[in-house]
Amino acid sequence: MALSLHTAFRKTWQTLSSIKTGVILIILVVIFSAAGTIILQRPMTEADDMARAYSPAMLRFLDATGLTDVFHARWFIALMILVSLSIIAASVERFPNAWRFFARPYKSPDDNFRRVLPTQAQIAVADEEHGLSAAEAAFHKMGLKCERIVRPNSFSLFSERNRISEMAVYIVHASLLLIFLGGIVDALYGWKGFLMLTPGSQSNHLELRNGGTRELPFAIRCENAGEETYADGSPKKYWSKLSVIDGGREVSSKEIVVNDPLVYEGVRFYQASYGRTGKLDKLILNVIPSNGTPGNAQEISLGANQTLVLDSDTSVQLVEFFPDFVVEDGKVYARSNDVVNPAVHLVVTSAKTKASVNVWLPEIPGIAENAHSPYTFEPKDLKTGVYTGLEVSHEPGQWAVWGGVILMAIGLTFVFYVVHMRFWVVPVVDAQGRNLIWVGGTANRNRDAFELKFKKLVEQIQKELKPELAAAEEKTAASIAGR
């Protein structure tokens, strides 16, 4: 039984650590992530929009499979966990050999290695020391550090650059694990909601996208909100000035616009929408006595349900406001909250007679009693209330995601642009008894560029050898002449 369990575990481990398994799982994550951007997602999309976009049968299928909320579906979370385990298994399986190669570089090539290395050259030298000295000088002039490798029966040179490039794949693995970790944490513990505020109001209650509610440990107050438009009247940007109220005092404030949120205790407040509430904020009127007495005209400002005294006997109250009015069966109704066809209902009251007159602006036949009013009212300005819509999100895994993205950029830079190069210089004697230095090199990528660098190194060694060879020849000639 123990052997059977061990065999099953080993097969599972081999499958999980397989590069093929990891690639397939990552492709599946990419496919389903793309589906999550193409298929309309709940609860970000309104139910009516979902119903219009898909047939009932298709919508039932998408809901049943979790494709309408991909990034929070349990199977997608399980898939990300499985990919993470595969990356960990593949790294653990291959890391010992990679670390051995990284920590203990091969510095003394033997005969078999030298024989099969594709990139190599042989240079004639006067003696072993002259060859190694020339090679050291050549390495130095090409900006390469080298070390002398001393063995009981031999000397050689070894030089390398960018050894860290060999570990770049594990940097990429770590970045992927961070990104998946952030996605898993967000799926399990993150949330998104919506908050609507009018200037001067504050709240700590959110409507979550899944239909629930959430109470924040602090409140958000809207100080003001507005919009900027282009010359043709189209919206340019929406803005809101927000304050954070924590413990009864203001602890932070910021004017936000789209893609520039207010962040407090890990909660982000984005500018999502802006509009008018359809409620009257202020109505400015010119009031003129009906008898037309010069000098008695005045300007007044009224808010909803506000009463204002015009003279010792007369007062006016704003009792109704319709942003887009329509008259049906002798009654006035609001067709929408858009201020496109406004109407105002004023009541002018006499203190002495207690008589009231219904004044409508504009005057509505059959309903308005404007002719009986002691005053004529001329609209001058109309200001309606506005609201700001805030998208609120708490994504505790975002730091891991962004850390993974940065780490991946570093890892991919090493993978594609940082080349690990190694060079060896070994003194050898050929079959005819001549002294040579064998020069070899290898690179883990970008072989064409490396070949050019290797060629320059060989040329530089030959250049360094020329004075030494000339001195050796002169010394030999002088020795012969002395005889």
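Structural data are supplied above this passage.
Residues numbered from 1 in each chain as written. Predicted model: local features only at pLDDT ≥ 70, side-chain atom pairs only at ≥ 80, totals over all residues. Heavy atoms only, no water.

Caption draft 1: Structural view of unusual backbone geometry. Cis geometry marks the peptide bond from Leu361 to Pro362, where omega comes out at 0 degrees. With respect to the secondary-structure elements, Pro362 resides in the loop between strand 17 (356-361) and strand 18 (375-394). The backbone phi angle of Asn162 is positive, close to 65 degrees, even though this residue is not glycine. Of note, Asn162 is situated in the loop between strand 3 (154-161) and helix 8 (168-189). The partly exposed category is assigned to Asn162, whose relative accessible area is 31%. (Helix = DSSP H or I, 4+ residues; strand = E, 2+ residues; numbered from the N terminus. Buried < 20%, exposed > 50% of the residue type's maximum accessible area, 1.4 Å probe, protein only.)

Caption draft 2: Focus on the environment of Glu378. Structurally, Glu378 can be placed in strand 18. Glu378 sits 90 residues away from Ile288 along the chain, and the two C-alpha atoms are 8.1 Å apart. The contacts of Glu378, once residues within four sequence positions are left out, are Ile284, Leu285, Asn286 and Ile288. (Contact = heavy atoms within 4.5 Å.)

Caption draft 3: Spatial organisation of the pattern of salt bridges. With the rule as written, the count across this model stands at 16 salt bridges. Glu129 is the partner of Arg148 in a salt bridge, and the nearest nitrogen-oxygen pair spans 3.0 Å. With Arg148 in strand 2 (residues 146-151) and Glu129 in helix 7 (residues 128-141), the pair connects residues that are 19 residues apart, well separated along the chain. Put simply, Glu464 and Lys141 hold a salt bridge, and the shortest N to O gap is 2.9 Å. In this pair, Glu464 sits in helix 10 (residues 447-482) while Lys141 sits in helix 7, placing the two residues 323 residues apart along the sequence. Under the relative-accessibility criterion, Glu464 is labelled buried at 16%. Of the residues examined, Lys141 reaches a relative accessible area of 59% and is grouped as exposed. Salt bridges linked by common partners bring Glu129, Glu136 and Arg148 together as one network. (Salt bridge = Lys/Arg side-chain N within 4 Å of Asp/Glu carboxyl O.)

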